[in-house]
Amino acid sequence: QQVLCGSFSVGNGRIQINVQIIDVASGKFVRADSVSGPQKDVLKLERDLAATVLRHLNVPLTESERRRLAALPQFSLPGAKAFFQGINLYEDGRILDALALVRHAARVEPGHPGPLFWSGRLYQLANELKHAHTCYADLLRRFPADKLAPDALFHTGRVCARLGRTRDAVAAFKRLASEFGDATFATMVVQKTSQFSKVSTAHWAWLEIGRVLERCG
């Protein structure tokens, strides 16, 4: 058996990350790898180091796994710090404080859909529905194939329904059903409504369409 150990050092705005693979039985080093670069690029450096270690260990990866590794988030350090601190505040129920940090992360990380989606969710929870809709629409326009797109469409439908925009709500749910009908639906929704926990995205969308039309007679 082998174990992977790591360490890092920081200085003058740069970071070096080191990993060592150790044989458990003998306690000997099998190999060591490291990367270094600007401290703000720490998450990208971690991704690159992971790819290097896997390559040197001859770990077979499927094409799907390679794509996932290549697509791992490349947050800058300030963006990651703001985003994850915001999520922690959300979990503590501090919605407005969380929103401020997540919005900052969205400005720092314009190429990352996560902060944009969570800006929408937090605006929605704060009852700032027009701002929430803007965030979801922006995400769907810029990242139409991202894994967060179905969630953004679902919440777009709910926001439109609450704003009284019935046609837009129905259109969002129909689009969700047609484009993502076989996708696993948002974990958050599944957890909150356990009786529908095995229902496909398409069924969720049509359920929401029915609710909208029922409210509107």
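Residues numbered from 1 in each chain as written. Predicted model: local features only at pLDDT ≥ 70, side-chain atom pairs only at ≥ 80, totals over all residues. Heavy atoms only, no water.

Engineer: What's the story with the overall build of the chain in this structure? I'm lost.
Structural biologist: Regarding its fold elements, the chain presents 10 helices and three strands. Listing each helix as α and each strand as β along the chain from the N terminus yields β-β-β-α-α-α-α-α-α-α-α-α-α. Buried residues in the chain amount to 39% of all 217 residues. For the chain, the share of sequence-separated contacts (at least 6 apart) that also reach a separation of at least 24 residues comes to 43%. Accessible surface computed for the chain: about 12,800 Å², of which carbon and sulfur atoms make up 53%. (Helix = DSSP H or I, 4+ residues; strand = E, 2+ residues; numbered from the N terminus. Buried < 20%, exposed > 50% of the residue type's maximum accessible area, 1.4 Å probe, protein only. Contact = heavy atoms within 4.5 Å. Areas by Shrake-Rupley, 256 points an atom, 1.4 Å probe, with all protein chains shown as cover.)

Engineer: What is the right way to read helix H7 (residues 149–162) from this model?
Structural biologist: One turn of the α-helix equals 3.6 residues, which is why residues spaced by three or four share an orientation. Under the 1.5 Å per step criterion, the end-to-end length of H7 is 20 Å for 14 residues, consistent within 8% with the ideal 20 Å. Counting buried positions along H7 yields 11 of 14 residues, so the element is predominantly enclosed. Turning to H7, its buried residues number three or more, namely Ala-149, Pro-150, Asp-151, Ala-152, Leu-153, Phe-154, His-155, Thr-156, Gly-157, Val-159 and Cys-160. At the exit of H7 stands Gly-164, carrying a positive phi of roughly 80°. (Expected span 1.5 Å × (residues − 1).)

Engineer: Quick question: what am I supposed to make of the pattern of salt bridges here?
Structural biologist: A side chain with one charge may pair with a side chain of the opposite charge, provided their charged atoms come close. Taken as a whole and assessed by the stated rule, the structure comprises six salt bridges. Two residues, Arg-31 and Asp-33, come together in a salt bridge whose shortest N-O distance is 2.9 Å. For Asp-33, a relative accessible area of 11% translates into the label buried. In this structure, Arg-142 engages Asp-138 in a salt bridge whose closest nitrogen and oxygen atoms are separated by 3.1 Å. Remark: Asp-138 and Arg-142 occur in helix H6 (residues 129–142); sequence separation between them is four residues, near one turn of the helix. A single network of salt bridges, built from pairs that share partners, joins Asp-138, Arg-141 and Arg-142. (Salt bridge = Lys/Arg side-chain N within 4 Å of Asp/Glu carboxyl O.)

Engineer: Please clarify how the packing of aromatic side chains should be interpreted in this entry.
Structural biologist: Working definition: an aromatic ring pair is given by the centre-to-centre distance plus the angle between the planes. Scanning the model with the defined rule gives five aromatic pairs in all. Ring centres 6.0 Å apart and planes at 45° place the aromatic pair Phe-117 and Tyr-136 in the tilted group. Of this pair, Phe-117 sits in helix H5 (residues 113–125) while Tyr-136 sits in helix H6, and the two are 19 residues apart along the sequence. Summarising the burial analysis for this pair, Phe-117 and Tyr-136 share the class buried. Centroid distance Phe-154 to Phe-173: 6.0 Å. Interplanar angle 65°. Geometry classified as edge-to-face. Placement of Phe-154 in helix H7 and of Phe-173 in helix H8 (residues 166–179) is noted, with a sequence separation of 19 residues between them. Taken as a pair, Phe-154 and Phe-173 share a single burial class, namely buried. (Phe/Tyr/Trp six-rings, centres within 6.5 Å; stacked < 30°, edge-to-face > 60°.)

Engineer: Looking at this structure, I do not really get the nonpolar core. What am I missing?
Structural biologist: A general trend in soluble globular proteins is that nonpolar side chains are found buried together. Counting 33 residues, the largest nonpolar core has Phe-83, Phe-117, Tyr-136, Leu-139, Ala-152 and Leu-153 as the members making the most contacts within it. Breaking this core down by element, the ones donating at least two residues are helix H3 (77–91), helix H4 (95–108), H5, H6, H7 and H8. Counting nine residues, the second-largest nonpolar core is a separate cluster that includes Ile-17, Val-35, Leu-45 and Leu-49. (Core = buried A, V, L, I, M, F, W, Y, C linked by side-chain atoms within 4.5 Å.)

Engineer: Looking at this structure, how should I read the sheet that holds strand S2 (residues 14–23)?
Structural biologist: Strands pair in a sheet through their backbones, by hydrogen bonds, and they do so in one of two ways: parallel or antiparallel. Spatially, the three strands line up as an open sheet ordered S1-S2-S3, and their pairing is antiparallel. Of all the strands in the sheet, the pair left with one neighbour each is strand S1 (2–11) and strand S3 (29–38). Looking at each pair of strands side by side, their axes are set apart by 15° on average, direction ignored. Here nine bridges tie S2 to S3, and the two strands are oriented antiparallel to one another. Each residue of the ladder has a partner; that of Gln-16, found in S3, is Ser-36. (Pairing = 2+ DSSP bridges. Axes fitted to C-alpha atoms, helices over the stretch in contact; angles between N-to-C directions.)

Engineer: Just to check I follow, could you spell out the pairing of S1 for this structure?
Structural biologist: Note that S1 and S2 share 10 bridges and pair antiparallel. Its bridge partner being in S2, Leu-4 is matched across the sheet by Ile-21. Counting the residues between successive antiparallel strands, the hairpin from S1 to S2 contains two residues, one of them, Asn-12, with a positive phi of roughly 55°.

Engineer: Teacher, can you tell me more about the confidence of the model for the chain here?
Structural biologist: Low pLDDT means the predicted atomic positions in that stretch should not be read closely. Summarising the model, the chain shows a mean pLDDT of 81, and 80% of its residues fall at 70 or more. In this model residues 182–198 is a low-confidence stretch, pLDDT under 50, and it forms 16 contacts with partners more than four residues away in sequence or in other chains. (pLDDT = per-residue confidence, 0-100.)

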